[in-house]
Every structure is written in C-alpha cells, then in structure tokens.
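# Commentary on secondary and tertiary structure
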Amino acid sequence: MRIGIDVGGTHTDAVLLDGDDVVAATKALTTDDVSSGIIEALDVVLAQAGVAEASIEAVMLGTTQFTNAVVQRRELAEVAAIRVGLPSGDGLPPKTGWPDDIARSLGDHCYMLPGGYLYDGNPLAELRDADIDRVVVDIRRKKILAVSIASSFSPMNPEPELRIERHVRAAIPEARITLSHRLGRLGILERENAAMLNSALLDFADRVVSSFGKALRLRGLSCRFFISQNDGTLMDAEFVRNYPALTFASGPTNSLRGACRLTGLDDAIVVDIGGTTSDIGVLQDGFPRESNIVIEVGGIRTNFRMPDILAIGLGGGSLVTDEGRTIGPRSVGHRLVTEGLVFGGQTLTATDLVVAAGKASVGEASHVQAMDPAVVSTGLEQIVAMLDHAIEKMKPSSKPMPVVLVGGGAMLVTRKLKAASEMLCPEHSGVANAIGAAIAQVGGEIERLVSYRSQPRQEAIAALSREATANAVAAGADPKTIRIADVDETAVSYMAEGTVKLRVKAVGDIAGLGKTRKEDR
Amino acid sequence: MRLGVHDLPDLSLGAVFLATGGGGDPYVARLVAEKALQEFGPAEIIDPDDLADDAYVVTLGGVGAPTVSLELLPSVTDAGRTLAAFEAHVGRKVDAVVSFEIGGGNSLLPIVAAVERGIPVVNGDGMGRALPEAQMMTYPICGVRPTPAVARDYEGNIATFATSSIFTYERQIRSYAQASGGMITACEHPMTGRELKASIVPRTISFSIEIGRILREYRGNAHSIIEPLGEAFARSIYGQFRHLYTGKVVDVQSRIIGGYDIGAATIEAFDRNLPPLRVDIKNEYLVARMDDRVLASVPDLITILDYETSTPINAERLRYGQRVSVFGVGCPEHYRSPQALAVVAPRCFGFDFDYVPLEDLALPS
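Residues numbered from 1 in each chain as written. Chains lettered and ligands numbered in written order. Predicted model: local features only at pLDDT ≥ 70, side-chain atom pairs only at ≥ 80, totals over all residues. Heavy atoms only, no water.

### What about the overall build of chain A?
Each helix and strand in chain A was counted, giving 14 helices and 23 strands. Computed over its C-alpha atoms, the radius of gyration of chain A comes to 25 Å, within 12% of the 24 Å expected for a compact globule of 521 residues. When contacts within chain A are restricted to residue pairs at least 6 apart in sequence, those whose partners lie at least 24 apart make up 67%. Roughly 19,800 Å² of accessible area belongs to chain A as shown, and the carbon and sulfur atoms make up 50% of that amount. When the 54 positive and 65 negative side-chain charges of chain A are each reduced to one mean point, those points stand 3 Å apart. (Helix = DSSP H or I, 4+ residues; strand = E, 2+ residues; numbered from the N terminus. Rg over C-alpha atoms; globule rule 2.2 N^0.38 Å. Contact = heavy atoms within 4.5 Å. Areas by Shrake-Rupley, 256 points an atom, 1.4 Å probe, with all protein chains shown as cover. Lys, Arg positive; Asp, Glu negative; His and termini not counted. Charge placed at Lys NZ, Arg CZ, Asp CG, Glu CD.)

Written out as structure tokens, the structure is:
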C-alpha cells in the first residue's frame, strides 16, 4: 500500500492506495509550516483506511514549494555560476536576460572560462587548471557555497563540468554543486539557468525534504519516500535535496496521471475544471503530451519538460453575461461560495446555471428558481460548446476519444461532449493530483547530438536506450518493468547529413513495491 | 530613424514572422544586440534613398546551423571584429552595413557591428524573408559580386574568399562554417550605394518592427490578427496577405539532406471540413498544398503561427499536436523577375512545378 500527497498552495491532499484501489482520500488546508498540514492529512487517510503504519510501503509527494520559491524570489541562496565556453559567448555572462530582482537575489558571482566542446567533438578551447583554481579561490574568498557549472555541449561531453567539480570539491568540501548536464538538454543558457536555480534552492530543499521526512516519521512512517518531478516520474526524496528544480510544475502532470489511473485509460483527453479555468491535457500512452515551447519559471527561461496544457477561462465561478451567451473569462474564483447566487450572493455564475437546471445540488436552489429558463439553457449550451471547441484543438486525431472530467467544476458539463467517445467522471477526481503522485513511476532520460552517418540510426537509438534504462534503474526502477517511453529525434539543419538531436526516455515501476495488501494486516 | 533597446523585442518577433520557419530562434542574437545597444547607444537606421551613390556598403551576418548557436554562443564582439577584419582585408573603411536577411537572428547582427563601429545600418535586407543559400539574396541576383569576403569563427580565425561565382562562394563558406564549430560570421557582397539601392529589399527593418508590434498588441487568437496584419502588408512592399489554413499539426517528418532540414508537416482542420494541408520544409516553409493543389509556394512567404497566441513558430519547433494558423504573403517584386526565379523558384528546391504568384492561386473553399 502507498500514500500519495499533493502539497499545493491552498490544499494538502492525501490518498491511500491499495494496489489500484483508492482506500482513503482527504483534503486538508496547507499550513504555513507545511508539515503539520501533511500530518493532519496522513492522520485522516490512515484512520479512514484503518491500516497500520507498517503496511505503508512508500509515500509519494508532489509539491509546488520550489516553483513558488522562485516565483516569489524567497529562500534563494547566492550562487557562484561558472560557465565554460569562452571565447564563445563573450559578453553574455550567466544571468543575461534575467529579471533584475531575481538576478540580484542570486548575487554577483559569475565566472566565465575558456573550454568546452564543439558539436563535432573537437575542443572549443583549452580548459586550464590555473584558470579553474583562480575561480575556486575567489569563490572560497566570498564564502559562497552554492555553485553551478555549465559547459558548452556538456550533454555530449560533460568532462569539463566534472573536472571543475573536482577542483571546487577539493578546495571547498562543503560546497553544493549543480552540473548543468545532469539537469537539462541542449541549449546552454536554459540549461545553465536551470542549474543556477537548482543551486539557489539547495539549502531550502534540505529544509523542505527534512520537514517532509519529519512529518512522516512523526506519523510513524519509516517507508521509502519519493517526490514527483515535472515529467510524471518520481525521484527518491534524498535525490531532491540535490535536484529541487526537477519538481518545477509537477502539478499538472500529476493531475493527468491521476486521471489515467482513476479511469484505467492510457489515451484520453483530461479536462480539469476548476473555479476560474478549465485545463485540458492529453494522455498519450499513459503520459501527458509534452509542450514544446520554452518554459519560463519566475521569468527565467529553462528547458524543463512540461505537459501541453490548454487553459480556457471557464470554471465554476465564471461570470455569466449577455443572456447566457458569454461565460467567463472573468470569474469570482474562490469567492464563489459567497458571491454566487446559490450561495446568497449577487453574481450570476456558471455554477448557478447548473443548479437552476436541476443538474447539481450545491448551495440553495431556491435562489435561482426565478431564473429565465432560456438563459439557463443558452448558458449551459455555451459551456459545453466552449469545451467542445477547446477539446477539438487538443485532440490528437479525428477519432473520438474518451474524455475524463476532473476537478470541482466537472458538474458544468451537462451533456455529452462532441469529441468524446465516452465521458468519465471518476470517483476521487478531486484528489487526482495526489493519486497521480502515488502511482508515478521512475524514469531515466538521455539526450545526445548523434550522427547517423557514423552510427546507424537503430544502433544509436539502442545505445541511448541502454543509457536511459541504466539511468532509470539508478533512479530506483524495477529493471523488469522498464520500457522506452519516448524517442525524440530532431534533425539539425546546415550540418553534415544525418546529424540528429536524439532523446530517449525510459520508465519503470518502483522496484519492490506492492507486497503489502490491506488483508495482510 | 534611431533603433534602441526597446525596439528589439518587436524587431525580433517580426523577424521570426518574416523568417517563414527558418532563421533559428533569434533569442541569443537579441541578447547580443541588447548588450551592444546598451553599451554603444541606439543604432542609426538609414533609409536606402538617403545613402550616397558612392558609399561603400557591405553585408554582414551569421552563416551556419542556428541550432549550434544554442551551445556555441555568439560573442558580443563577433560582428564588430568581423567588420574590422573585412576592412583590414580590403584596405578601406565601410560606410554602412546591411543585413543578409531580415528573417531570424541575421536581422540583428548588422546592428551590433554598426553601433560598435559608429556607422549606420541600411533599412532593408537581401531577402525580405529567410532563405537558405547565398545565391538566393537579391544582391547577387542583381549582379553584386559576393567577394572579396571575410569569415570569422568564434575563436577569431579569419578566412578570406575570392571566388568566381556565387555558387562556388556558397559551397565554400558553408564548408568553412561546418569546419569551424558550425557557425561563423561573414562580411560579403561589398557594393556601392548605387548598387545597393538597385538590389535591396527596402525598409524591412522598420516593417519587421511594425509586424512585431502588431503581434504583441493583438496577441491572442490568430483570427484576431488577420485584419491588422493584412492592413500592414497592404501598405508594404510585400504582396497580398492571406490566411491559408487553421488546424492541428498531425504529422511532422524531417531529415537532413545535404546539410538542410528537409521535411513536411501535415495539418488537419479542427472541424475537418477541408482536406489536410501539407507544408514542405527545407529549413523554411516552402510550399503549402492541399490535395496536390498548391496554395502558396516559395518565393512567396509561408508563415505558421501558434493558433492561441499568434506567436510565429519556426520549423525546428513545429511539433505534432500544435494548434496553428498558416498564412501566405506575396513576396516583394524583387523575387518575381526571371533572374530571381532562376534561383528561388520551387524547382530550385527540388519541387516539380513552376512558381505561380500567391494572388493567382485559388484559396481553399
């Protein structure tokens, strides 16, 4: 049995799963210290399920703590950023293009050194020990402990980053170091940004992971503990102490993965209807379809993997205007429970329409009894038409697909959606995020620039698949369950024929889970 | 006209629109231009008509694989030092610089060199869009010789060229770029003010800023920008502006042949009331057709925008599942002469049909 927890800005949700079955679920408020909210949620699910702490094999946790820290510019340490790649990039030091406030938060400690590699494997410049040591001495003098290192084409040849790490480590044993090739793909500025943010968060990561761990121990849970990352896979919680940046934007991914498990569908459209927006995502082979645009975190470009989500301004709190012909995008949001008509307020919202039509019982139906039925039917039709239109844009093919409705606003859908082969509104959909965290797998990824001229395509894919698989096993995957989840090839133009940016992702179940069942007690 | 740091976001956004899928992400070039403008002040953008007939002008830009620049970053000094190396090679001062192509990052590099050297940039370029090879620029089409030319790599190594033909020059500089880390800066096509006025696609810098401003101000659903973009193109040197198609990318195939990203994207209408649209790619979007009926083809411009935000999407970022709108724009008249079509018509890219101007092709019903 396992427990999934989602620590959001407002709510801390928890679920207890026995195999695939949701045995208990709860929603608690997130507390300022985070851990007491977690303890409260754990108390509820353990009591509801009536199971002993010892039969919990693993806890999986999704959190927005690190994203929020970057967005709000808090808990960030000063970082010494070392870039290797001169003479290229001269005049474009680390933090170029950053918003001023967060650039200041990380201090003024940027270093650029000659070195690195070219696309064809030739050295870009010679990396000299004397240069490295000069930088290390300065970092030690400034007493900076968080360090990031990024080198040109390091995803293909990380040697310069590793070499500098050894020098820093030798001179400053307590330094916390992020190597860019461990975090990102090709694109040195974005990869370096990710490494710097990661280093800035390392101290905070220690406190957060310790606080999570303490909450589990206080509740008598000594099992393994994982934290979810943005591509829908899990990291060992101890790993997060070194890679907090990998948790950025794991929320939408967990929501989609939770919907997948709640319905048993690997391919579906997932519509998460909240108070203000509806977020539409696509599950393909059990994983969210990824977005391809440059992702900014707190105004900083990164190259993290994020799900492709289409958000439209339609939710339970959306304002209804124009005799029901216009719904949203303005919304009363979380004030729905005071401002909506059925709650005694003065604002006509999408929720009021559903109650007036007798399709849901929230608030006080008598407040909307006198509504013009034509406005109600026009409004309800408009809601479904908006979703039909948005889903049509996201749907991967012309064939109808299952549509999974999750979130508090799912009741807004009062007739069958056009694009849906079937519609599912599973039980526990309100805690889909926590379920998504609980059922997540572990993965490994690798990206290289390869030449199909010197290495045939199948051979190159096989070689990278082996590396991705090894990374997944290192992350805790059961080797027997590993499959290659994604192979992505991008041709590189103006280069020698057959030069391709090749990326392979492997995923598998967590090794050694699923031995306890509820009956074992 | 003065061009300052605050103009760069619009200029580079407009440059992605006019890049017709090619030219690479101008983000890094924009950072370089920002640094240069901050250090040296605004650039003087001079109208081609205001240039003296005997002025000495040279083109400047990057040659190579835009993808390589993601790792082999440009330096802020690359453009200025390449210009200095050119002047040393030819033994005379340059009066103004001008862009190879307005599409992508090459719209910005001449600005970087010019502010450092304190000389003006001519408002215009040699393509009015992006295209993959040197002989496709309007300068050589109008008879300007490519050499003497100077190329400089990231390390400061210099190569000089004196070639008999533009085709030889294109082959040689391309292989020099491949041997030098994949991306170099080049100064080429020296010419007089008189030659420039006869060959330049005029005022594309200011026009690119205008397109970028429209994309920013009308940011939103692609249908909402059809009208303002149409009005802007109607006032320009470009031909007709047309919405060709809106739908979802259902397939993207690409492979590298001879150094170029060759492929095709298939787009299906949201409601499938039209046959799918196929867009052929050779770095740029070259041909848009529906059931083998051509809707637009090179040298006319084909641009793909993200449907929700109207952000132009270049070919390397085009992916399965994206919601997009496809637009066609008639090219500047420069590309409709027999001499121009001899190097930029669809057959020059391996297609088996003749060029028909956009406005003479039927729209999808």
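### Things to note about the overall build of chain B
The helix and strand inventory of chain B stands at 10 helices and 16 strands. A globule of 365 residues ought to have a C-alpha radius of gyration of about 21 Å, and chain B, at 19 Å, matches this closely. Expressed along its principal axes, the backbone C-alpha trace of chain B runs to roughly 65 × 40 × 40 Å. Counting the 365 residues in chain B, one finds 67% classified as buried. Carbon and sulfur atoms form 49% of the exposed surface of chain B, whose accessible area is close to 12,300 Å². (Buried < 20%, exposed > 50% of the residue type's maximum accessible area, 1.4 Å probe, protein only.)

### Let's talk about the pattern of salt bridges
Residue and element names in this part refer to chain A. The full count for this structure, using the stated rule, is 46 salt bridges over all chains. Note that E53 is salt-bridged to R219, the shortest N-O span being 2.7 Å. Of this pair, E53 sits in the loop between α1 (35-49) and β4 (58-63) while R219 sits in the loop between α7 (202-218) and β9 (224-228); the two residues are 166 residues apart in sequence, bridging distant segments of the chain. For E53, a relative accessible area of 26% corresponds to the partly exposed category. Look at the salt bridges and you will find they share partners, linking R176, D206, E238 and R241 into a network. (Salt bridge = Lys/Arg side-chain N within 4 Å of Asp/Glu carboxyl O.)

### Some remarks on the sheet that holds strand β10 (residues 234-236) of chain A
Residues and elements named next belong to chain A. Read from one edge of the open sheet, six strands run β3-β2-β1-β4-β9-β10, paired in mixed fashion. Because the sheet does not close on itself, it has two edges, and the strands there are β3 (21-29) and β10. For this sheet the average axis-to-axis angle between neighbouring strands, irrespective of direction, equals 20 degrees. One ladder, built from six bridges, connects strand β1 (residues 2-7) with strand β2 (residues 11-18); its direction is antiparallel. Within the sheet, the bridge partner assigned to D6 lies in β2 and is D13. α7 rests against β4 and β9 of the sheet, and its axis sits at about 135 degrees to β9. Helix α13 (residues 432-439) contacts β1, β2, β3, β4, β9 and β10 of the sheet and is inclined by roughly 130 degrees relative to β1. (Pairing = 2+ DSSP bridges. Axes fitted to C-alpha atoms, helices over the stretch in contact; angles between N-to-C directions.)

### Looking at unusual backbone geometry
Excluding glycine, residues mostly carry a negative phi; peptide bonds, for their part, are mostly trans. The omega angle of the peptide bond from L86 of chain A to P87 of chain A is 10 degrees, so this bond is cis rather than trans. With respect to the helices and strands, P87 of chain A occurs in the loop between β5 (79-86) and α3 (100-105). In this structure, the amide linkage connecting G328 of chain A to the following residue, P329 of chain A, adopts the cis form with an omega of -5 degrees. Residue position: P329 of chain A is located in strand β18 (residues 326-331). Of note in the backbone geometry, K95 of chain A takes a positive phi value of approximately 80 degrees without being a glycine. Within the secondary structure layout, K95 of chain A lies in the loop between β5 and α3. You will see that D292 of chain B, though not glycine, has its phi angle at about 70 degrees, which is positive. Summarising the element assignment, D292 of chain B is placed in the loop between β13 (284-290) and β14 (293-297). For D292 of chain B, a relative accessible area of 70% corresponds to the exposed category.

### Brief notes about the domain arrangement of chain B
All names here are of chain B. The domain architecture assigned to chain B consists of domain 1 (2-202) and domain 2 (218-360). Taking only C-alpha atoms into account, the centre of domain 1 sits 25 Å from that of domain 2. Taken together, the contact between domain 1 and domain 2 spans 33 residues of the former and 32 residues of the latter. Taken together, domain 1 and domain 2 are joined by zero salt bridges. For the pair domain 1 and domain 2, the number of links is nine residue pairs in polar contact (both at pLDDT 80 or more). For the side of domain 1 that touches domain 2, the secondary-structure elements that each account for two or more residues are α1 (8-18), α5 (138-141), α6 (166-179) and β9 (201-202). Residue contributions to the side of domain 1 that touches domain 2 peak at four residues, all from α1. Residue composition of the side of domain 1 that touches domain 2, by class: 17 nonpolar, 11 polar and five charged. (Domains from an automatic or database assignment. Polar contact = N/O pair within 3.5 Å; in protein donor to acceptor, adjacent residues only side chain to side chain. Nonpolar A, V, L, I, M, F, W, Y, C, P; charged D, E, K, R; others polar.)

### What to know about the nonpolar core
Of all hydrophobic cores here, the largest spans 106 residues; its most connected members are L3, F17, V57, L83, V122, L196 and F233 of chain B. With eight residues, the top contributor of residues to this core is helix α2 (residues 27-40) of chain B. Residues contacting F17 of chain B, with those up to four places away along its chain left out, are I211, L215, L229, F233, F241, T303, L305 and P312 of chain B. In this structure, V45, L61, A237 and I295 of chain A belong to the second largest nonpolar core, which totals 60 residues. (Core = buried A, V, L, I, M, F, W, Y, C linked by side-chain atoms within 4.5 Å.)

### Points about the environment of D266 of chain A
Residue and element names in this part refer to chain A. If you trace the backbone, D266 turns up in the loop between α9 (250-263) and β11 (268-273). For D266, a relative accessible area of 44% corresponds to the partly exposed category. Taking C-alpha positions, D266 is 4.9 Å from D285, a pair spaced 19 residues apart along the chain. Contacts of D266, omitting those with residues within four sequence positions, involve C260, L283, Q284, D285 and G286.

### Things to note about the interface of chain A and chain B
Often the size quoted for an interface is simply the accessible area lost on bringing the parts together. Taken together, the contact pairs 52 residues of chain A with 49 residues of chain B. Connecting chain A to chain B are three salt bridges. One salt bridge connects E71 of chain B with R191 of chain A, and the closest N-O pair in it is separated by 2.4 Å. Where chain A packs against chain B, one counts 18 residue pairs in polar contact (both at pLDDT 80 or more). Elements that contribute at least two residues to the side of chain A that touches chain B include exactly α6 (188-200), α12 (373-394) and β22 (483-491) of chain A.

### Looking at the domain arrangement of chain A
Domain assignment breaks chain A into domain 1 (1-74 + 203-248), domain 2 (79-200), domain 3 (311-435) and domain 4 (441-508). Each of domain 2 of chain A and domain 3 of chain A was reduced to a C-alpha centroid, and the two centroids are 49 Å apart.

### Concerning the pairing of strand β12 (residues 278-284) of chain A
Residues and elements named next belong to chain A. Most of β12 is tucked away, with five of its seven residues classed as buried. Pairing of β11 with β12, which is carried by six bridges, proceeds in the antiparallel orientation. Its bridge partner lying in β12, V270 is registered against G281. Counted along the chain from β11 to the antiparallel partner β12, the turn is four residues long. Relative to strand β13 (residues 287-288), β12 is paired through two bridges, and the arrangement is antiparallel. In the strand pairing of β13, Q284 is matched with F287. Connecting the antiparallel pair β12 and β13 is a turn made up of two residues, with D285 showing a positive phi of about 55 degrees.

### Concerning the pairing of β9 of chain A
All names here are of chain A. Where burial is concerned, most of β9 is hidden: four out of the five residues are buried. With four bridges joining them, β4 and β9 adopt parallel strand pairing. Residue pairing for β9: L61 is matched across the bridge by I227. Counting the residues that bridge the hairpin from β9 to β10 gives five residues, and of these G232 lies at a positive phi of roughly 90 degrees.

### Considering the sheet that holds strand β6 (residues 110-114) of chain A
Residues and elements named next belong to chain A. Spatially, β6-β5-β7-β8 is the arrangement adopted by the four strands of the open sheet, whose pairing is parallel. On the outer flanks of this sheet lie β6 and β8 (176-179), each paired with one strand and no other. Taking each pair of neighbouring strands and ignoring which way they run, the sheet shows an average axis angle of 20 degrees. Pairing analysis gives five bridges linking β5 to β6, with the strands arranged parallel. Opposite I82, over in β6, you have Y111 as the bridge partner. α6 contacts β5, β7 (146-151) and β8 of the sheet and is inclined by roughly 165 degrees relative to β7.

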